[in-house]
Amino acid sequence: MSRIVEAIGKLEAILDGNVCFSRREGLQEVLNLLKEEQASSKGSHIEKMILPSSKRIGVVVHGPEIIDSGGAVQLIDHLKQMGRVNAVLGGTMGRVAVIDADLEGIITINTRRRPSISIRDMAADSDIVIILNQAKSRETGLAFGTMVARLAGIDKPLIQIDCGGRFVADLTLSHFSSDSEDINEEGLAVAARLAADLGLDLLRPRPRDCTLIQGDTVRRIMTGVIPGELISVNGTVIGRAIGAEVEIKAKGGKIIDLKGAEPKMHGLEKLHQVDLERAIIRSGSIRRSTARARIGENRGEGAAFIDHCAEDAFEAAGGAAVALTVGDDTTAIAGDILARLGIAVVGIVDGDIDRLAGSLTILPGSIIIRVRPGYDDIVGGRAREEIFQGMDRISISAPDLADRVKELAGELLLERKEISSDSS
């Protein structure tokens with residue numbers, strides 16, 4: 001067995017380097033065969049240690065694509081053959097997808113947590129934790145999985161099933177730092193079984209350090225980026241990719257450099273202070289797949305204020321009757337999210353939309369206030385101070401709120417439009 005472990009380690013080191021694509025494909029095939037052989041020799045006694053029917057399986061579902069495709073339900077049903085499954089969601093747009101698919105009884109969406117925190121929460125009451133996702137490529141899927149595994153830092157078997165990259169990966173942390181064959185064997189055995197069952201490739205990746213910290217300087221590196229994709233930090237677009245790798249550098253909480261992308265200065269100006277180490281960084285659309293929106297019924301009261309934090313809309317506006325949103329993409333994304341709760345928006349926009357998502361829904365009765373280019377933030381700031389008095393919630397109706405914003409906009413106002421259909 002030690003010779004197999006040694007061979008796997010050497011092949012992984014070669015693949016981590018610069019290998020031309022034609023050779024990489026062949027080497028990866030050999031590596032997969034070695035891992036399958038290793039897993040099969042270990043698997044029999046591991047299955048005796050924990051019978052399939054006795055396993056407690058924590059599942060973290062990440063992203064809307066795996067839900068919209070129907071893959072999440074199918075995989076959860078399959079995992080039930082191995083034991084008792086408890087599934088939760090990681091991510092905001094995934095929560096929208098769960099509502100659209102009417103899966104609240106299968107995937108818990110009560111709280112918004114990062115995938116790494118959800119994994120940590122699951123580990124306490126689970127024998128195995130599994131991440132389900134559907135990345136746009138194998139490279140981005142592996143980058144996501146290894147990063148989340150390191151942040152979660154659990155000592156339980158951790159497995160990733162990625163239907164986009166078409167692989168099952170053993171992300172159990174112990175094998176990242178040791179080549180010993182006495183490390184946690186269960187993760188690899190279960191990953192091998194799932195890969196065989198699902199017809200996916202079995203991978204055992206090594207993490208790449210994509211977050212580099214030196215004093216108050218933080219660098220984040222994104223790989224697998226498609227040139228032309230938008231780059232966003234915490235939902236604010238800061239640039240458009242020109243290469244397959246993008247590096248963002250911040251010093252003292254301020255972004256000071258952007259490599260591999262053309263910067264969008266207006267977006268960078270909006271990010272006055274950012275914790276780059278923990279920030280949610282994305283390339284491309286926040287929801288690449290589509291589904292029919294399931295509109296909610298609202299019994300809320302009053303108005304909530306949302307300024308360039310659309311992905312916090314569930315928490316920020318829950319229980320309200322209307323939300324005031326500032327910015328084109330914030331209005332579009334928050335409007336889409338809040339439609340599932342039956343909450344209308346009064347959106348202050350200036351026509352500078354980046355289209356971080358494709359098809360979006362906005363609740364009929366919502367009102368769009370369009371102002372001169374570059375002035376949405378200014379009018380929004382006035383509304384925050386003069387209408388909301390610096391608070392997050394006030395008691396006011398949607399029509400009255402829209403009238404007050406229109407009055408504040410004054411000569412900056414270009415258009416007031418009420419949404420009469422269920423799509424933007």
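I will try to describe carefully the structure that is included in this document.

Definitions and limits used
- Residues numbered from 1 in each chain as written.
- Predicted model: local features only at pLDDT ≥ 70, side-chain atom pairs only at ≥ 80, totals over all residues.
- Heavy atoms only, no water.
- Pairing = 2+ DSSP bridges.
- Helix = DSSP H or I, 4+ residues; strand = E, 2+ residues; numbered from the N terminus.
- Contact = heavy atoms within 4.5 Å.
- Axes fitted to C-alpha atoms, helices over the stretch in contact; angles between N-to-C directions.
- Parallel < 35°, antiparallel > 145°, perpendicular 65-115°, else oblique.
- Left-handed = near helix turned anticlockwise from the far one by under 90°.
- Nonpolar A, V, L, I, M, F, W, Y, C, P; charged D, E, K, R; others polar.
- Core = buried A, V, L, I, M, F, W, Y, C linked by side-chain atoms within 4.5 Å.
- Buried < 20%, exposed > 50% of the residue type's maximum accessible area, 1.4 Å probe, protein only.
- Expected span 1.5 Å × (residues − 1).
- Arc of directions from axis to C-beta.

### Details of the sheet that holds strand S18 (residues 344-349)
For step 1, the next point in the chain: On the basis of which strands lie adjacent, the open sheet formed by 6 strands has the order S20-S16-S17-S18-S19-S21 and mixed pairing. Where the open sheet ends on each side, the last strands, each with one partner, are strand S20 (393-394) and strand S21 (413-418).
For step 2, the next point in the chain: Sheet analysis places strand S17 (residues 322-326) next to S18, joined by 5 bridges and oriented parallel. What sits directly across from Ala 323, in S18, is Val 345.
For step 3, the next point in the chain: The sheet strands contacting helix H12 (residues 328-339) are strand S16 (303-307), S17, S18 and strand S19 (367-371), and the helix crosses S18 at an angle near 170 degrees.

### Description of the packing of helix H4 (residues 71-79) against helix H9 (residues 186-198)
For step 1, the next point in the chain: Look at H4 against H9: their axes get within 12 Å of each other, and the N-to-C directions meet at 125 degrees. In terms of axis orientation, H4 runs oblique to H9. In terms of crossing hand, the pair formed by H4 and H9 is right-handed. When H4 is examined against H9, the residues Leu 75, His 78 and Leu 79 are found in contact with a partner set consisting of Leu 194, Asp 197 and Leu 198.
For step 2, the next point in the chain: In terms of residue class, the contact of H4 with H9 is built from 4 nonpolar, 1 polar and 1 charged.

### Observations regarding the packing of helix H13 (residues 376-387) against helix H14 (residues 398-409)
For step 1, the next point in the chain: Interhelical geometry of H13 versus H14 gives an angle of 120 degrees and a closest axis separation of 10 Å. Relative to H14, the element H13 is oriented oblique. Here the hand of the crossing between H13 and H14 comes out right-handed. Of H14, the residues touching H13 (which contributes Val 379, Arg 382, Ala 383, Glu 386 and Ile 387) are Leu 401, Arg 404, Val 405, Leu 408 and Ala 409.

### Some thoughts on the sheet that holds strand S14 (residues 261-263)
For step 1, the next point in the chain: Reading across from one edge, S14-S11-S10-S15 is the order of the 4 strands in this open sheet, with antiparallel pairing throughout. Every interior strand has two partners, whereas the edge strands, S14 and strand S15 (281-283), have only one. Pairwise comparison of adjacent strand axes, ignoring direction, gives a mean angle of 30 degrees for this sheet.
For step 2, the next point in the chain: Note that strand S10 (residues 230-233) and strand S11 (residues 236-241) share 4 bridges and pair antiparallel. Across the sheet, residue Ser 232 finds its bridge partner in S11, namely Val 237.

### Overview of the nonpolar core
For step 1, the next point in the chain: Counting 56 residues, the largest nonpolar core has Val 61, Ile 67, Ile 107, Ile 130 and Leu 194 as the members making the most contacts within it.
For step 2, the next point in the chain: Broken down by element, this core gets its largest block of residues, 6 residues, from H9.
For step 3, the next point in the chain: Not counting the four nearest positions on each side in its chain, Ile 130 is found in contact with Ile 57, Gly 58, Val 59, Val 60, Leu 79, Ile 159, Ile 161 and Leu 194.
For step 4, the next point in the chain: Grouped together as the second largest cluster of nonpolar side chains are 23 residues, Phe 305, Ile 387, Ala 402 and Leu 408 included.

### Quick look at H14
For step 1, the next point in the chain: Here H14 contains 12 residues, and its C-alpha end-to-end distance of 16 Å stays within 8% of the 16 Å for a straight helix at 1.5 Å per residue.
For step 2, the next point in the chain: For H14, every residue scored as buried is listed here: Ala 398, Leu 401, Ala 402, Val 405, Leu 408 and Ala 409. Buried residues in H14, looked at end-on, bunch into an arc of 125 degrees, giving them a common side.
For step 3, the next point in the chain: As for H14, its buried residues are in contact with S16, S17, S18, S19, H13 and S21.
For step 4, the next point in the chain: Taken from the residues just after H14, Gly 410 is the one with a positive phi, measuring 55 degrees.

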